[in-house]
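# Per-entry structural report
Below are the chains, spelled out letter by letter.
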Amino acid sequence: MDVRQTVYEQLVSRNKRDVEPFKDLVLSMGKLYGENELLKEKCSALQREVESLSQEKDQLQGDKQVLESQIAALREVASVPSNVDLAYLEETLANEKRLDLVASELSKQLDATKMEVIEAYKEKSDILQDLSSRNMELKIMMGSLEAKDQGLSKAHDFISDLGNQNTSLRSKLDQATETISILQGELASAKKHISTLSKQLSTQQASNRSGLLHSADSVTNYGGSTAPIPSSLLESPVLSHASTQLNTPPANHAIESLESLLGSVSLLQVPLLSQPLDVPKPASASPGSHQGSPSKDSPTRQAIQQSPQLTRVSASVLTRKNSAPASIETNKGLSSKDQPPVGVPAKFVNPITLLDQIEMRQYKEVQPEGGEVSTRIPTFCLPLPITGPRHQQAVNCLCYNSMGTFLATGSDDTSIILWNMHSRTPSARLTGAVRGVMSVAFSPDDLLVLGCSNDRCARIWSVSGDLKETFSGHLDQVVTGGFLTHEKIITGSIDRALRVFDLHSRKCDKTIRCPSACHDLCVATGLLISAHADRTIRFWDYRTGDFAFSIDDAHRNQVTSVCASPDGRYILTNGKDHVLHLFDVMSCQKLHTYQAAEYCNMRKWTKACFSSGGNHVLSGTTGKVCIWDRDSTKLLTTLQSKFSSPNPVLSCACNPRENQIVSSEGSFCLLWE
């Protein structure tokens, strides 16, 4: 905390030192702006005076023309011999001369005024040029100061993030240390208990063997080598006690507890045990220690082998002796890096751990043989959840993470729920949106969730439920979005724009303008594909944002969704014309069309999808899900259960690792397995 405060104070002092030299410049700029305003007022006054003088000049010129016309008339009269008043003519000529003098004076004044105006304009131009150069310098300096402020803010945020990460890591370390200490204590107690039981078992087996052999020798000496063993001997309390001692609940419970502890420790990746647990073996009698032991093929040994009680004893000993190899054999299909620790049965390698972050980073799903998901259509249906909290309004969108262990559902109630698909229960509720959520998506590492909503924003949450960032900039509803990389997301909106945001800089890197509203988008074979309300599918280079090509009139009405196949070779589109189309990405040719009498696209955001293996296409209608074969376009079935409602199925999703389908109907979801 002291280091952060010291760094912050040093950055503030450096900022002050950088700003101090520019105070005089800012003051001089203010003075120049004031002088500029005065010059503007003076120029406007001169302009008004020039206009007034121009009007006076025009008036005098008019008077001059009138006088000239009068003089001309007088001259005509003077040329005619008549009695003319010479005094009047002389006065008229004098007036004409005075008018000429006044006109010349006014012309000189006008010229002087024009020169003053020109000089004022030149001075104003010089001042403006000086102001422009100083303004440019000021902008450069302000940009430098802004960059330094941003650097200061980033440094402060980085220091704050480091502090939060340090606190989080310390808490996790304390929790892991506490868990390890508890596990070590339980493991030590389990070892002691098993050691005690093994010693008791060894002692009991030695005494049982001694009594058994003594009884067998007595019977052999009594009846000869071919005499049968009396039933009273086979049902003796000695054999009963020996068979039951190995199957006592304390022994079984101790071994199972130890195996469970070992499985938990292995999931936490704590190197507590590098070798299988060495359980002490029962002490066996040395050769020759007992006289008269029955031979391998003696009738006595054959009779003992036929005894049910002795068979249980042998089976118990073999089970305990061979438990570790049997556990390893059950994991023969796993790779070396996915093998559980030696001596830990596969059933205890449980993907559900105490910490969700450990589960998301360490859990590895084992695919079926051949790497393909079963193509069997699910028929068993359950509501999600059966009991407990759920959405309060209609569910608009669904999305599985890449491992199929979590499902995200977005609703008109402004929340996103993360479902743990192992326990079928909510793992976290993501809040922060102001209006309904229209699209959800997981990051490539399954640690972040993107939600797009009708409040013109897109938000990023962690899988634990923490709101990380809110991105704005769209002018209308944001109805679709996804992750381009670990560091960039893309969003599509009704405002006819696609925006690319950087998660590190938290800014919009690129804006792609479209001719029509965007309803959905996906990425396939290096292309960004968007579905629009003008019935068009557009393809973009998602690295540069440049337009590549388009499929015009892909549907007869608005295109509501576009989805890429698992192998990225095909795209599936859904439209308000109540049909689905399959296009080849490379050739843009329409390959198949899917339709049915009972299928109807109810909303302009209804989503269609491929099955996990890509062999089927799915889309929802009123109260049911229609499933077609991708290649034959045959309607295979419609999924409808007693839990179905008359609400439209707005979205459906397939688990990428299991034969599992989820569909949304109203405010709840149906899980098909």
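Residues numbered from 1 in each chain as written. Predicted model: local features only at pLDDT ≥ 70, side-chain atom pairs only at ≥ 80, totals over all residues. Heavy atoms only, no water.

## What to know about unusual backbone geometry
- Positive phi, normally seen in glycine, also occurs at D446, with a value near 65°.
- Structurally, D446 can be placed in the loop between β6 (437–442) and β7 (448–453).
- With relative accessibility at 4%, the residue D446 sits in the buried group.
- Here the phi dihedral of C588 falls at roughly 60°; this positive angle occurs in a residue that is not glycine.
- Within the secondary structure, C588 is located in the loop between β20 (580–584) and β21 (590–594). (Helix = DSSP H or I, 4+ residues; strand = E, 2+ residues; numbered from the N terminus. Buried < 20%, exposed > 50% of the residue type's maximum accessible area, 1.4 Å probe, protein only.)

## Details of the pairing of strand β27 (residues 661–665)
- Within β27, 5 of the 5 residues are buried, leaving the element largely enclosed by the surrounding structure.
- Alternating positions in β27 separate into two faces, I661, S663 and E665 on one and V662 and S664 on the other, with burial throughout.
- Between strand β26 (residues 649–654) and the antiparallel strand that follows it, β27, lie 6 residues.
- Linking β27 back to strand β28 (residues 668–672) in an antiparallel pair, the connection comprises 2 residues, with G666 at a positive phi of about 65°. (Pairing = 2+ DSSP bridges.)

## What about the sheet that holds strand β4 (residues 416–420)?
- Across the sheet, which stays open at both edges, the 4 strands sit in the order β2-β3-β4-β5 with antiparallel pairing between neighbours. Edge strands, defined here as strands with exactly one partner in the open sheet, are β2 (395–400) and β5 (425–430). With strand direction ignored, the average angle separating the axes of adjacent strands in the sheet is 25°.
- Direction of pairing for strand β3 (residues 406–411) relative to β4: antiparallel, over a ladder of 5 bridges. Paired with A408 across the strands is L418, a residue of β4. (Axes fitted to C-alpha atoms, helices over the stretch in contact; angles between N-to-C directions.)

## Structural notes on the side chain of Q660
- For Q660, the position within the fold is in the loop between β26 and β27.
- According to the relative accessible area criterion, Q660 is buried, its value standing at 3%.
- Q660 has contacts with P378, Y400, M421, R424, A653, C654, N655, L671, W672 and E673, leaving out every residue within four places of it along the chain. (Contact = heavy atoms within 4.5 Å.)

## Focus on the pattern of salt bridges
- For the structure on display, the rule yields 9 salt bridges.
- For K488, the salt bridge goes to D509, with nearest N and O atoms at 2.5 Å. Of the two residues, K488 sits in strand β11 (residues 488–493) while D509 sits in strand β13 (residues 507–513), which places them 21 residues apart along the sequence.
- Classification of K488 by relative accessible area gives partly exposed; the value is 28%. (Salt bridge = Lys/Arg side-chain N within 4 Å of Asp/Glu carboxyl O.)

## Some remarks on the packing of aromatic side chains
- Here the structure, examined in full by the defined rule, presents 5 aromatic pairs.
- Ring centres 4.5 Å apart and planes at 25° place the aromatic pair F539 and F549 in the stacked group. Of this pair, F539 sits in strand β16 (residues 537–541) while F549 sits in strand β17 (residues 547–551); the two residues are 10 residues apart in sequence, bridging distant segments of the chain.
- In this structure F549 comes out as partly exposed when scored by relative accessible area, which is 28%.
- Measuring from ring centre to ring centre gives 6.3 Å for Y594 and W628, while their planes differ by 50°; the resulting arrangement is tilted. (Phe/Tyr/Trp six-rings, centres within 6.5 Å; stacked < 30°, edge-to-face > 60°.)

## So, the nonpolar core
- Ranked by size, the top nonpolar core spans 26 residues in total, and within it L572, L580, Y594, F610, L618, W628 and I661 carry the most contacts.
- Taken together, the elements giving at least two residues each to this core come down to β19 (570–575), β20, β22 (608–610), β23 (616–621), β24 (624–629), β26 and β28.
- Examining the composition of this core, we find that 4 residues originate from one element, β24, more than from any other.
- Counting residues in each nonpolar core, the second largest holds 15 residues, with I416, A433, F442 and V463 among its members. (Core = buried A, V, L, I, M, F, W, Y, C linked by side-chain atoms within 4.5 Å.)

## Focus on empty space enclosed by the protein
- According to the stated counting rule, one finds 7 cavities of 30 Å³ or more in the structure shown.
- Here the second largest cavity defines a volume of roughly 60 Å³.
- Lining the second largest cavity are L11, R14, N15, D18, K148, G151 and L152.
- Listed by contribution, the elements that provide at least two residues to the lining of the second largest cavity are α1 (2–19) and α3 (86–223).
- The biggest single contributor to the lining of the second largest cavity is α1, with 4 residues.
- Grouping the amino acids of the lining of the second largest cavity by side-chain chemistry returns 2 nonpolar, 2 polar and 3 charged. (1 Å grid on protein atoms, 1.4 Å probe; cavity = no way out; pocket = protein on both sides within 12 Å on 5 of 7 lines; lining within 4 Å. Points joined across faces, edges and corners; volume = space filled by probe spheres on them. Nonpolar A, V, L, I, M, F, W, Y, C, P; charged D, E, K, R; others polar.)

## Here's the deal with the sheet that holds β23
- Read across the open sheet, the 4 strands follow the order β22-β23-β24-β25; overall the sheet is antiparallel. Every other strand in the sheet has two partners, leaving β22 and β25 (635–639) as the edge strands with one partner each. With strand direction ignored, the average angle separating the axes of adjacent strands in the sheet is 20°.
- Two strands pair when backbone bridges link them, and β23 and β24 are joined in this way by 6 bridges, in the antiparallel orientation.

These figures come from the coordinates and say nothing about function on their own.
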